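# A look at the structure
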Amino acid sequence: MHIPLPRRSGAGLTRGLPAVLSVVSAFALWEIYVQISGISPLILPAPSRVLEQMLLNREVLWRNTVPTLQATLFGFSLSLSVAFVLSVALDFMPRLRRALFPIFVVSQTLPLVAIAPLVVLWFGFDLTPKILLVTLVTFFPMLVALVDGYDSTDPEIEELLYSMGASKRVVFRRARLPSAMPYFFAGLRISITYAVVAAIFAEYVGARAGLGIVILNAKNSFRPDLVLAAVVISSVLTLALFAATALLQRVALRWRDAKGDQ
Amino acid sequence: MTVLDMKNVGLTLGKTDVLADISMHVAQGEFVSILGPSGAGKSTIFRLLTGALHSDRGAITCYGLPLTRNQQGFAFMPQSDALMPWLRILDNVTLGLEVQGVPRKEARARALPLFADFGLVGFEHRYPAQLSGGMRQRAALLRTVLQGRPMQLLDEPFGALDALTRMQMQKWFEARWQSARWTTLLVTHDVREAVALSDRIYVLSRRPATVIAEVAVPTPRPRFGSPTPPDAHALEAHLLDILLTQTGDTL
Ligand SMILES: Nc1ncnc2c1ncn2[C@@H]1O[C@H](COP(=O)(O)OP(=O)(O)O)[C@@H](O)[C@H]1O
Ligand SMILES: [Mg+2]
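Note that the coordinates shown come from a computational prediction; the quantities given were computed from them, not determined experimentally.

## Thoughts on the nonpolar core
Taken as a class, soluble globular proteins show a tendency for nonpolar side chains to be buried jointly. Residues Leu143, Tyr150 and Leu161 of chain A together with Met84 of chain B are the most contacted members of the largest nonpolar core, which totals 55 residues. At the level of elements, helix H3 (58–92), helix H6 (127–151), helix H7 (155–163), helix H8 (168–205), helix H9 (211–220) and helix H10 (224–252) of chain A together with helix H3 (95–99) of chain B are the ones that each hand at least two residues to this core. Tallying contributions element by element places H8 of chain A first for this core, with 15 residues. In this structure, Leu161 of chain A is in contact with Ala166, Val171, Arg174 and Ala175 of chain A together with Met84, Leu95 and Val99 of chain B, ignoring residues within four places of it in sequence. Counting 31 residues, the second-largest nonpolar core is a separate cluster that includes Val93, Leu142, Trp172 and Leu197 of chain B.

So this is what it looks like as structure tokens:
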């Protein structure tokens, strides 16, 4: 039997309308201001000019988007895998958790401005340092989300499983892991937005290609319109990844949407 | 035949004496209730039986054998229904069998014929959040009896329900119990429930808990639906009296 979920698309459109309107009017105001004030495009280019430059330079921009996307996805996958494996280990070994957690917290206090050049110095101008920096930035939020998620498990559900003769491993798989899923997705949505920014920052510090390099070069040749073109692409990337995780969450946490649907 | 036997069981948790001296027994096919004020240590007794806690003093045996770490004598229904919100009702109900290693297909084949008796037909593929309180309790109960253990441990199964639903559930449960005769140990603080459902009742004191009374209920079944006989009324009043002196509130 299948429970029809309420159709959301129509409601979603109406809900998204204020956001779309505010963004569109912000750009419109910006465009109008630039046209009326006659400000130099070397200081503040109009949105129309940014769009125009995006089209003119689409090949260069695309060639530099691919490495950024790669660094983001590889770095984020690495971060996810390490965070998951470690979270399981920490869950089974509380003492390890007490020993290692301070180190992870310290890793979050390191200023990226200082660390990024060092990582590039150690690992060169290729993909590796970018992957590592994306991992460094996104790993801890994912680990915390998972560990907190395991701890959110209803103790009565655990007690029930133990009373059924379940081992610690079975309790983890059947209760602690599913309980952590809402936390996991909350962490995923937050860290995926850091990931793109971290990749671009790593490139900015030293790389052969990437949106960070586009921004660096455009800045050095006084082209704010190209800087903004790269910014637009990075925002679109982040939004797309965010949407993908939101969609994944909708599928994986279907049971939460079923609430109140008698 | 005695299924469960507890002799002079005592338990101290940290600095708190929770159980002072508990002795009780349950025979095959018998319905026994533990009645006691809140915080007396009723749920703690169940934790001893499920192996979550170990007693400091006394002896607990199941069919004459001491409880081992992975004993399989009891099916436990916790105080909340403890249904997993991410599993559909059918999967919640077969949980115990799957943990025991029964293949999913077989577990479902065993569970599905029971859905009618438990008033859950049509809800097999719903999530717990989509069920009413009474249905959730019936699902939790089905999950308990489906484990096929010699004895059921029910911790205030109707405690969280509204008064009307609770009465419907008690009536339904009496009928189910009469046809199945599960050996049952029920924890409750509801005197009427204990008198209506039990063969025997143990009354606990305040913490640290001891058994301060043991009474048999002679009233013939079914007890719901027919007018409450005067001896049952007298028994309820008697038990309530004991409990009230235990809560120690002298107004
Ligand atoms: N781990 C513990 N340490 C100390 N006291 C505890 C612990 N667990 C339970 N208790 C105490 O034991 C008493 C009995 O609890 P419980 O068995 O849940 O009572 P109830 O009869 O309401 O089910 C409570 O007063 C509680 O405060
Ligand atoms: Mg209790």
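On we go from here.
## Observations regarding the coordination of the magnesium ion (ligand 2)
Residues and elements named next belong to chain B. Distances from the magnesium ion (ligand 2) to its protein donors, Ser43 (OG) and Gln79 (OE1), fall within 2.1 to 2.6 Å. Taken together, the positions of Ser43 in helix H1 (residues 42–50) and Gln79 in the loop between strand E6 (74–77) and helix H2 (89–93) put the pair 36 residues apart, joining distant regions of the chain. Accessibility expressed as a relative area gives 17% for Ser43, which makes it buried.

## So, H7 of chain A
Inspection of H7 of chain A places Ile157, Glu158, Glu159, Leu160, Leu161 and Ser163 of chain A among the buried residues, and these make up the whole buried set. Here the buried face of H7 of chain A lies against H8 of chain A together with H1, E6, H3 and helix H5 (133–145) of chain B.

## Considering the layout of surface pockets
If you add up the space inside the largest pocket, you get close to 370 Å³. Lining the largest pocket we find 20 residues, and of these Gln170, Arg192, Ala196, Phe224 and Glu236 of chain B sit closest to its centre.

## Regarding unusual backbone geometry
For the peptide bond that leads from Arg207 of chain B to Pro208 of chain B, omega is -5°, which places it in the cis range. Structurally, Pro208 of chain B can be placed in the loop between strand E9 (200–204) and strand E10 (209–216). If you check the backbone angles, Phe222 of chain A has positive phi at about 50° while not being a glycine. The residue Phe222 of chain A is located in the loop between H9 and H10 in this model. With a phi angle near 55°, Arg181 of chain B is a residue other than glycine that sits in the positive phi range. Within the secondary structure layout, Arg181 of chain B lies in the loop between helix H6 (163–180) and strand E8 (183–188). With relative accessibility at 41%, the residue Arg181 of chain B sits in the partly exposed group.

## A look at the environment of Met1 of chain B
Residues and elements named next belong to chain B. Within the secondary structure, Met1 sits in the segment before strand E1 (2–13). Each C-alpha atom, one on Met1 and one on Leu19, is 26 Å from the other, the two residues being 18 residues apart in sequence. Once residues lying within four places of it in the same chain are set aside, the contact partners of Met1 are Val26, Ala27, Gln28 and Tyr63.

## Details of the sheet that holds strand E3 (residues 31–35) of chain B
Residue and element names in this part refer to chain B. Pairing is mixed in the open sheet, where 10 strands are placed in the order E5-E4-E1-E2-E10-E9-E3-E8-E7-E6. In this open sheet, the two edge strands, each paired with only one partner strand, are strand E5 (65–66) and E6. Sheet topology note: the E1/strand E2 (residues 16–27) ladder contains 8 bridges and is antiparallel. Paired with Leu11 across the strands is Leu19, a residue of E2. Sitting on the sheet, H5 touches E6 and strand E7 (151–155), and the angle it makes with E6 is about 165°.

## Quick look at the pairing of strand E4 (residues 57–62) of chain B
Residue and element names in this part refer to chain B. Looking at chain direction, E1 and E4 are connected through 5 bridges and run antiparallel. For Lys7, the partnering residue across the bridge sits in E4 and is Ala59. Judged from the 2 bridges that link them, E4 and E5 form a sheet pairing that is antiparallel. Directly across from Cys62, in E5, lies its bridge partner Leu65. Between E4 and the antiparallel strand that follows it, E5, lie 2 residues; Tyr63 among them carries a positive phi value of about 50°.

## Digging into the domain arrangement of chain B
We note that the domain assignment places domain 1 (82–149) and domain 2 (206–251) within chain B. For domain 1 of chain B versus domain 2 of chain B, the distance between C-alpha centres works out to 33 Å.

## Focus: the site of ligand 1
Residues and elements named next belong to chain B. Surveying the vicinity of ligand 1 reveals the residues Leu13, Thr16, Val18, Pro37, Ser38, Gly39, Ala40, Gly41, Lys42, Ser43, Thr44 and Arg207. Between Ala40 and ligand 1, the recorded distance is 3.2 Å, taken from a backbone N or O atom to an oxygen atom. Within the backbone of Lys42, one N or O atom sits 2.8 Å away from an oxygen atom of ligand 1. Surface burial for ligand 1 is 64%, taken as the share of its 570 Å² of free accessible area covered by protein chains.

## A few points about the interface of chain A and chain B
The interface is formed by 23 residues belonging to chain A together with 30 residues belonging to chain B. Where chain A abuts chain B, roughly 2,500 Å² becomes buried across the two surfaces, and 61% of that area is made up of carbon and sulfur atoms. For Arg47 of chain B, the salt bridge goes to Glu159 of chain A, with nearest N and O atoms at 3.0 Å. Where chain A packs against chain B, one counts 3 residue pairs in polar contact (both at pLDDT 80 or more). Only H7 and H8 of chain A provide two or more residues apiece to the side of chain A that touches chain B. For the side of chain A that touches chain B, the element with the highest residue contribution is H7 of chain A, accounting for 6 residues.

Reading guide: rules and limits
Residues numbered from 1 in each chain as written. Chains lettered and ligands numbered in written order. Predicted model: local features only at pLDDT ≥ 70, side-chain atom pairs only at ≥ 80, totals over all residues. Heavy atoms only, no water. Core = buried A, V, L, I, M, F, W, Y, C linked by side-chain atoms within 4.5 Å. Buried < 20%, exposed > 50% of the residue type's maximum accessible area, 1.4 Å probe, protein only. Helix = DSSP H or I, 4+ residues; strand = E, 2+ residues; numbered from the N terminus. Contact = heavy atoms within 4.5 Å. Donors = N, O, S within 2.8 Å, 3.2 Å for Na, K, Ca; no water. 1 Å grid on protein atoms, 1.4 Å probe; cavity = no way out; pocket = protein on both sides within 12 Å on 5 of 7 lines; lining within 4 Å. Points joined across faces, edges and corners; volume = space filled by probe spheres on them. Pairing = 2+ DSSP bridges. Axes fitted to C-alpha atoms, helices over the stretch in contact; angles between N-to-C directions. Domains from an automatic or database assignment. Near = heavy atom within 4 Å. Polar contact = N/O pair within 3.5 Å; in protein donor to acceptor, adjacent residues only side chain to side chain. Areas by Shrake-Rupley, 256 points an atom, 1.4 Å probe, with all protein chains shown as cover. Buried area = accessible area lost by both parts, 1.4 Å probe. Salt bridge = Lys/Arg side-chain N within 4 Å of Asp/Glu carboxyl O.

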